[in-house]
Amino acid sequence: KNGSGCFFAMGPIKYSRVVRILEKVRLSGMRGYLLLFCLGPWLGGCAEPQRLEVGVGDALVEVEVADTGEARRRGLMFRQQLGEDQGMLFVFPGERVRQMWMLNTSIPLDAGFFDADGVLVNWVSMLPDGGSQIHSSTAPAHYVLEVNHGWFERAGITPGARLRLPQPIEAR
């Protein structure tokens, strides 16, 4: 099982890709669907995450949305790289002081903490440390945006900047 919640070493795969593979090895029809049914529990964690483009101040970033407990726990663990203007948006139920750590995360990151109105409370820089250091918001937060280390500074983002979402996103 890899860090994406998927049991396949190649990373997340979709049902449609599995069906194409089954067709290539001539396991179509009832035998293929039976195999797909049996693999279902392992493929359940392999769904593609929701991706959105969000704004912070004048900057744009493409994010994966972590809006479930499992997705928030997994976060960016086991990732080897992250694109320059990419990240993960954690959506939590309710507002409270949020804490983040770098367990099984090898990419240096910044984490911005936003309240329910999308106002940046504070941001912190986080270096890979095996999860030993806890990084907290300075006030209650509803969203956390993790991006590459130095992104907030390069983009000139300061507390008070607004998170712009293309649509409402609620924790599931």
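Residues numbered from 1 in each chain as written. Predicted model: local features only at pLDDT ≥ 70, side-chain atom pairs only at ≥ 80, totals over all residues. Heavy atoms only, no water.

1. With respect to the overall build of the protein
No. 1: Helix and strand counts for the protein come out as four helices and nine strands.
No. 2: For the protein, the succession of helices and strands along the chain, N to C, is α-α-β-β-α-β-β-β-β-β-β-α-β.
No. 3: Looking at the protein as a whole, 41% of its 172 residues are labelled buried.
No. 4: Here the analysis covers contacts within the protein between residues at least 6 apart in sequence; of these, 68% occur between residues at least 24 apart.
No. 5: Of the roughly 9700 Å² that the protein leaves accessible, carbon and sulfur atoms contribute 55%. (Helix = DSSP H or I, 4+ residues; strand = E, 2+ residues; numbered from the N terminus. Buried < 20%, exposed > 50% of the residue type's maximum accessible area, 1.4 Å probe, protein only. Contact = heavy atoms within 4.5 Å. Areas by Shrake-Rupley, 256 points an atom, 1.4 Å probe, with all protein chains shown as cover.)

2. Regarding unusual backbone geometry
No. 1: In this structure, Phe 78 is a non-glycine residue whose phi angle is positive, near 70 degrees.
No. 2: In this structure, Phe 78 sits in the loop between helix 3 (69-74) and strand 3 (86-96).
No. 3: Residue Phe 78 is classed as partly exposed on the basis of its relative accessible area, which comes to 47%.
No. 4: Even without being glycine, Asn 104 reaches a positive phi, approximately 55 degrees.
No. 5: Locating Asn 104 in the fold gives a position in the loop between strand 4 (99-100) and strand 5 (109-114).

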